[in-house]
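Now for the letters of each chain:
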Amino acid sequence: MRLVLVHGINQQGKELAMLRRTWLQDLEKGLDAPGALRDVVVDMPFYGDILFNLAGTKPSGAIAQGSNAEEDRDLAEFLAEGLAEQATEEGISSQEIAEEQQRLAADSAVAVDMGFPMSRRINAIVSVLERISPFRGDLALRLLDQAHAYLKKPHVGPAVDAEVKKTLSPGPVVLVTHSLGTVVSFKLLRTLAAEGTPVDVPLYVTLGSPLTLSTVQRALGPSFAPPPGVVRWVNARDPDDFISLNRGLVPPTFPTSIENLTDVRNVQAGAEDAHAIPGYLAHPPVARAIAEALGL
């Protein structure tokens, strides 16, 4: 049985061997068994540089579509919608955002206008989120920007998928994913099944998943049932991980068969923020589920 690890956002420039080693160390910490995974065959597709390098480029030739203004508007709308949903979950009111937007517009030192009124709203939401935590606004922007590139730019998604796809066959595989990696893996599993080549996945683990975001769901399109080939789906979220909107993958969008773990406490486990991967992997119920699926 192989173990496949799919990372999330902002991994560009990192060394794959180090990334893989730290994930396995955190998993072993959750098992309280150093070296427990030494004999497991582990694959970790690395798409961080691909995503980062392609996200800021335009498609060429026949696939180039729309003006730069149209592309910028689509990105601004995607960011604004995702940020607004996260702000609402944090209890931030529309009035607070409007007041912050007015304040920023009056302050030429901080006002930034990319050409659309929506952009001023983005700045205001980020500013209010930063008051709650210095991590949140920047993290939300990075996630949504890379999610938009992956889901909406026709030259980005296929390049990322091609890298991840190489590690999925032949099965069976225990598939452990984090952050944007949950979106990439879900989309790819669904696509492969539709093409008649479903992946045998005894256990699918999603950690800190932005699949809860409505803007992501609309870009993916239905349905959100476990992709054919997935036997067991475990989703874990830290209640303070606002990327997952403090929501599980639950009905009516997701089926009742998904096992949602809601007792993760990443910061208490030593992570810098609630969305970070170390605490998720070191959470004993997560680590035990993975070890059991691997036959350890």
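Our subject is the structure that appears above.
A quick note: this is a predicted structure, and the numbers were derived from the prediction, not measured. As a convention, each chain's residues are numbered from 1 in the sequence order in which they are written. Two thresholds apply to this predicted model, a pLDDT of at least 70 for residue-level local features and 80 or more for giving and counting side-chain atom pairs, whereas whole-chain, interface and lining totals are computed over all residues. Hydrogens are left out, water is left out, and the side-chain values use all remaining heavy atoms of the structure.

### Here we look at the overall build of the protein
No. 1: Strands are runs of DSSP state E lasting at least 2 residues, helices are runs of H or I lasting at least 4, and numbering of each runs from the N terminus. Helix and strand counts for the protein come out as eleven helices and six strands.
No. 2: For the protein, contacts bridging at least 24 residues in sequence account for 79% of all contacts bridging at least 6.
No. 3: Method for areas: the Shrake-Rupley scheme with a 1.4 Å probe, in which residue coverage is limited to the protein chains shown. Entry remark: accessible area of the protein is about 13100 Å², with carbon and sulfur atoms responsible for 52%. In what follows, a contact means two residues having at least one pair of non-hydrogen atoms within 4.5 Å.

### Here we look at the sheet that holds strand β2 (residues 41–43)
No. 1: Between any two strands, at least two bridges found by DSSP are needed for them to pair. Taken in spatial order, the six strands of this open sheet run β2-β1-β3-β4-β5-β6, and their pairing is parallel. A single partner strand is all that each edge strand has here, and the edge strands are β2 and β6 (259–261). Each strand of the sheet is rotated relative to its neighbour by a mean of 15 degrees, with strand direction disregarded.
No. 2: Two elements, strand β3 (residues 173–178) and strand β4 (residues 203–207), share five bridges in a ladder whose sense is parallel. In the sheet register, histidine 178 faces β4, and the bridge partner there is leucine 207.
No. 3: Here an axis means a line fitted to C-alpha atoms, over the contact stretch when the element is a helix, while the angle between two N-to-C directions is reported on a 0 to 180 degree scale. Across the sheet, helix α8 (residues 180–194) lies against β1 (2–6), β3, β4 and β5 (233–236), angled at about 135 degrees from β3, the strand it touches most.

### Let's talk about the packing of aromatic side chains
No. 1: Within 6.5 Å between ring centres, the rings of Phe, Tyr and Trp (the latter by its six-membered ring) count as paired, and their orientation is classed by plane angle as stacked under 30 degrees, edge-to-face over 60, tilted in between. Using the criterion set out here, one finds five aromatic pairs in the structure.
No. 2: Seen in terms of ring centroids, phenylalanine 186 and phenylalanine 224 are 5.8 Å apart; in terms of plane orientation they differ by 5 degrees. Their pairing is stacked. With phenylalanine 186 in helix α8 and phenylalanine 224 in the loop between α9 (214–220) and β5, this pair connects stretches of sequence that are 38 residues apart. In this structure, phenylalanine 186 and phenylalanine 224 share a single accessibility class: buried.
No. 3: Relative to tryptophan 233, the ring of phenylalanine 186 has its centre 5.8 Å away and its plane inclined at 35 degrees; by these criteria the two rings are tilted. Pair noted here: phenylalanine 186 is in helix α8 and tryptophan 233 is in strand β5, with a separation of 47 residues, a long-range link.
No. 4: The buried label applies to any residue whose accessible area, calculated with a 1.4 Å probe on protein chains only, is under 20% of its type's maximum; exposed applies above 50%, and partly exposed to all values in between. With relative accessibility at 0%, the residue phenylalanine 186 sits in the buried group.
No. 5: Of the aromatic side chains, those joined through ring pairs into one cluster are Phe186, Tyr204, Phe224, Trp233 and Phe254.

### Some details on unusual backbone geometry
No. 1: Residue proline 172 is bonded to the preceding glycine 171 through a cis peptide linkage, with omega at 0 degrees.
No. 2: Examined against the element boundaries, proline 172 turns out to sit in the loop between α7 (157–165) and β3.
No. 3: Cis peptide bonds are those with omega within 30 degrees of zero, and the linkage from proline 222 to serine 223 qualifies with 0 degrees.
No. 4: Considering the arrangement of structural elements, one finds serine 223 in the loop between α9 and β5.
No. 5: Of note, the phi angle at asparagine 10 is positive, near 60 degrees, even though the residue is not glycine.

Limitation: the analysis is restricted to geometry and does not speak to function.
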